[in-house]
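Results of the structural survey
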Amino acid sequence: PGQVVDTYLHRQEGRGVNGVAVVLEGGSQELAHDIAVHIAFAKPQYVGREDVPADLVEEERETLLNITKAEGKPEAAWPKIVEGRLNGWYKERVLLDQPFVRDDKQTVAQLADSGGATVVR
């Protein structure tokens, strides 16, 4: 009760190549379908940042710090630079952080929130 489920099957050359199922708490069927289409296109690996394994985040943070150091950036700026780059890394992998494919001025989280929904799964 209160949940909306929708699916999307991306077809190519007459066969399904990418299937998506979305579960929202609240929202509408249309919103769930729009998010399912987004997922088929953007292929996020995780729903929210909390779903990304901590060891993977730390590994990426270390890599980004090493890149920042190698670029000769001032040491005082390292934390902000690394956080900014890590946010970009999240946008590639985390559904709720991704710019929505039909309106990149809002994230999927903002879209869901404006539709009165929370992405459950």
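Coordinates for the structure precede this section.
The following refers to the structure shown. Everything numeric in this text was worked out from a predicted model, so none of it was measured.

Turning next to the pairing of strand E4 (residues 103–107). Across two bridges, strand E3 (residues 99–100) lies against E4 in antiparallel orientation. Within the sheet, the bridge partner assigned to Phe100 lies in E4 and is Asp103. What sits between the antiparallel neighbours E3 and E4 is a turn of two residues.

So, on to the nonpolar core. Nonpolar side chains in soluble globular proteins generally cluster together in the buried interior. Val22, Leu24 and Ile35 are the most contacted members of the largest nonpolar core, which totals 17 residues. Elements supplying a minimum of two residues to this core: strand E2 (15–26), helix H1 (29–42), helix H4 (108–114) and strand E5 (117–119). Not counting chain neighbours up to four residues away, the residues in contact with Leu24 comprise Gly2, Gln3, Val4, Leu31, Ala32, Ile35, Ala117, Thr118, Val119 and Val120. Tyr46, Val57, Tyr90 and Val94 belong to the second-largest nonpolar core, a separate cluster that totals nine residues.

So, about unusual backbone geometry. With the exception of glycine, the majority of residues adopt a negative phi angle, and the majority of peptide bonds are in the trans configuration. Even without glycine at this site, Lys43 takes up a positive phi of about 50°. Relative to the helices and strands, Lys43 resides in the loop between H1 and helix H2 (54–70).

Quick look at the environment of Arg102 now. Along the chain, the position of Arg102 falls in the loop between E3 and E4. Sequence separation between Arg102 and Arg49 is 53 residues, and the spatial gap between their C-alpha atoms is 22 Å. Those residues in contact with Arg102 that sit more than four places away from it in its chain are Asp34 and Val37. Within the structure, the side chain of Arg102 is placed 2.6 Å from the side chain of Asp34, a separation counted as a polar contact.

Cut-offs applied
- Residues numbered from 1 in each chain as written.
- Predicted model: local features only at pLDDT ≥ 70, side-chain atom pairs only at ≥ 80, totals over all residues.
- Heavy atoms only, no water.
- Pairing = 2+ DSSP bridges.
- Helix = DSSP H or I, 4+ residues; strand = E, 2+ residues; numbered from the N terminus.
- Core = buried A, V, L, I, M, F, W, Y, C linked by side-chain atoms within 4.5 Å.
- Buried < 20%, exposed > 50% of the residue type's maximum accessible area, 1.4 Å probe, protein only.
- Contact = heavy atoms within 4.5 Å.
- Polar contact = N/O pair within 3.5 Å; in protein donor to acceptor, adjacent residues only side chain to side chain.

The values reported here are purely geometric and, on their own, carry no functional implication.
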